[in-house]
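Results of the structural survey
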Amino acid sequence: MARRLHASRTEGVDKNVWVEFTKLAADYKAVNLGQGFPDFSPPKFVQEAFCKAVSGGPLMHQYTRAFGHPPLVKNLAKLFSRIVGHEIDPFEDILVTVGAYQALFSTFQALVDEGDEVIIVEPFFDCYQPMVKMAGGKAVYVPLRPKVESGAVLTSGDWVLSPEELSSKITPRTKAIVINTPNNPLGKVYKTEELQMIADLCIKHDMLCISDEVYEWLTYDGAQHVKIASLPGMWERTITIGSGGKTFSATGWKVGWAISSGHIIKHMKIIHQNTVYHCATAAQEAVAQGFEREYEVFGTPESYFKQLPAMLQHKRNKLASCLQSVGLQPIMPEGGYFMIADISSVNVDLNDENTGEELYDFRFVKWLTKEKGLATIPVSAFYSPEHGKEFDKYIRFCFVKEDSTLDAAADILKQWSQG
């Protein structure tokens, strides 16, 4: 074509850290602690529910309700009404999507207008910024910063949001703030008082809160996940994003949802019906049955929501011990799939002529993948260009892996430290 082919909204958002580093890991056949997916199976009860769904007659292979399979939205409403303390209408207050990714996309497309400003708390899952941009909005960044009071920063809880810095970023054009708790990549679980500070600002300035809570069941060492939508005055201005894939260790099923007041969800339904329209029926049925089972055993030792974090806490501790043994400083996560580690004390010659002016953590991760066969993710990828340089001495590991995978990574690190 003689005229420009591409739409301007695709400019500047073409690079994707997952595409780049997934390919690099595959090319070098590296042990992959980069990507955030379990390399173990979902629990038997949801596997069996999926098998039952696909063999359950013709309707399981056809369209279901566009905005969410009725058994699924009913079970989501039943469980989360109990947690939020608000009676959730399954058909008005919930939108089921193709993974949490599409829930986020529908949120930004439906609620962010040309010129609106959206505050994103850093570090952030990297799709937030492109989605804000493609909706015509402007991303404004406020980082969590490590507070150092006595010695080294040891846990994700030591990374905090400054009320003054956050307040300074709010303008008359600020439409929403985006938070992620438990946070990817840091593992921070926001405390009630931190959420209350954000809620107070949302109410004062009439802002929306987009709360990405896909790791909500995965908290460790007694940390408690609190939904900001449960705080006074926040139900009607919060969009809570959830994930069946993260909940039941089945990320390939791509079942997600958004929960909010019906007066917000109705606009998101318009985006949904004019993009994907519908999500896979059998996968929704399996997730619905998973939540039905979990509702019955909620809070007991039989609950997968209890068993999974207990298992992952062991894996987290295993990885942390390994990193410490080779001189790396892990930041112990309070929740989620990931652990970041401070690599500033490691001496490696990274003067690779092909890396140009890349940030240190990008160069380090490429070196670690190519030379040592261990794939991780650079943490500066979760920051804006204006703040990335401040946080380029950290890399991210995923510990939601089989022990054999973690052992293979440990062997690589030990050989490196001894070499």
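Check the entry above for the structure.
Everything in this summary refers to the structure shown in the same document.

Criteria and cut-off values
Residues numbered from 1 in each chain as written. Predicted model: local features only at pLDDT ≥ 70, side-chain atom pairs only at ≥ 80, totals over all residues. Heavy atoms only, no water. Pairing = 2+ DSSP bridges. Helix = DSSP H or I, 4+ residues; strand = E, 2+ residues; numbered from the N terminus. Axes fitted to C-alpha atoms, helices over the stretch in contact; angles between N-to-C directions. Contact = heavy atoms within 4.5 Å. Buried < 20%, exposed > 50% of the residue type's maximum accessible area, 1.4 Å probe, protein only. Polar contact = N/O pair within 3.5 Å; in protein donor to acceptor, adjacent residues only side chain to side chain. Expected span 1.5 Å × (residues − 1). Phe/Tyr/Trp six-rings, centres within 6.5 Å; stacked < 30°, edge-to-face > 60°. Lys NZ or Arg CZ within 6 Å of the ring centre and 35° of its normal. Disulfide = S-S within 2.5 Å. Core = buried A, V, L, I, M, F, W, Y, C linked by side-chain atoms within 4.5 Å.

Structural notes on the sheet that holds strand β14 (residues 377-378)
Pairing in this open sheet of four strands is antiparallel, and the strands run β11-β12-β15-β14 from one edge to the other. What marks the edges here is a single partner per strand, and that holds for β11 (329-331) and β14. Looking at chain direction, β11 and strand β12 (residues 338-342) are connected through three bridges and run antiparallel. Each residue of the ladder has a partner; that of Gln329, found in β12, is Asp342.

A closer look at the sheet that holds strand β9 (residues 238-243)
The strand order across the open sheet formed by seven strands is β2-β10-β9-β8-β7-β3-β4, and the pairing between neighbours is mixed. Two strands close off the open sheet at either side, each with one partner strand: β2 (94-98) and β4 (138-143). Across this sheet, the average inter-strand angle for adjacent strands is 20°, counted without regard to direction. The strands that helix α4 (residues 99-111) touches are β2, β3 (117-122), β7 (174-180), β8 (208-212), β9 and β10 (255-259); relative to β9, the one it contacts most, it runs at about 160°.

Some remarks on the side chain of His387
Looking at where His387 falls in the secondary structure, it is placed in the loop between β14 and β15 (394-398). Overall, the relative accessible area of 8% leaves His387 in the buried class. Filtering out sequence-adjacent residues up to four positions away, His387 remains in contact with Glu122, Tyr141, Pro143 and Arg145.

Some remarks on the side chain of His278
Note on placement: His278 falls in the loop between α9 (262-273) and α10 (281-296). The class of His278 is buried, set by a relative accessible area of 15%. A distance of 2.8 Å separates a polar side-chain atom of His278 from the backbone nitrogen of Thr64.

Focus on α4
The end-to-end C-alpha distance of α4, which contains 13 residues, comes to 19 Å, matching closely the 18 Å that a straight helix rising 1.5 Å per residue would cover. Buried within α4 are the following residues: Gly99, Ala100, Gln102, Ala103, Leu104, Ser106, Thr107, Phe108 and Leu111.

Considerations on the packing of aromatic side chains
Counted under the stated rule, the structure contains 30 aromatic pairs. With 6.0 Å between their ring centres and 85° between their planes, Tyr215 and Phe338 make a pair best called edge-to-face. Taken together, the residues span a long stretch of sequence, with Tyr215 in the loop between β8 and β9 and Phe338 in strand β12 at a distance of 123 residues. Taken individually, Tyr215 and Phe338 each receive the classification buried, so the pair is uniform in this respect. Among the aromatic residues, those joined into a cluster by ring pairs are Phe45, Phe80, Trp217, Phe248, Trp257, Phe291, Phe298, Tyr304 and Phe305. One Lys or Arg, Lys188, reaches over the ring of Tyr190 and ends 5.4 Å from the middle of that ring. The ring of Phe37 has Lys401 lying over it, and the distance from NZ or CZ to the ring centre is 3.8 Å.

Overview of the state of the cysteines
Tallying each qualifying case throughout the model produces zero disulfides. Left without a disulfide partner, Cys279 is nearest to the cysteine sulfur of Cys127, which lies 16 Å away. The exposure class assigned to Cys279 is buried, which follows from its relative accessible area of 3%. Considering cysteine sulfurs only, Cys398 is the nearest to Cys322, which forms no disulfide, with 14 Å between them.

Regarding the nonpolar core
With 135 residues, the main nonpolar core has Ile198, Phe291 and Phe364 as its most contacted residues. The element contributing the most residues to this core is helix α11 (residues 304-325), with eight residues. When residues no more than four places from it in sequence are discounted, the contact partners of Phe364 are Ile343, Val346, Val348, Leu350, Ile395 and Trp416.

Treat this as a map of the structure, not an account of what it does.
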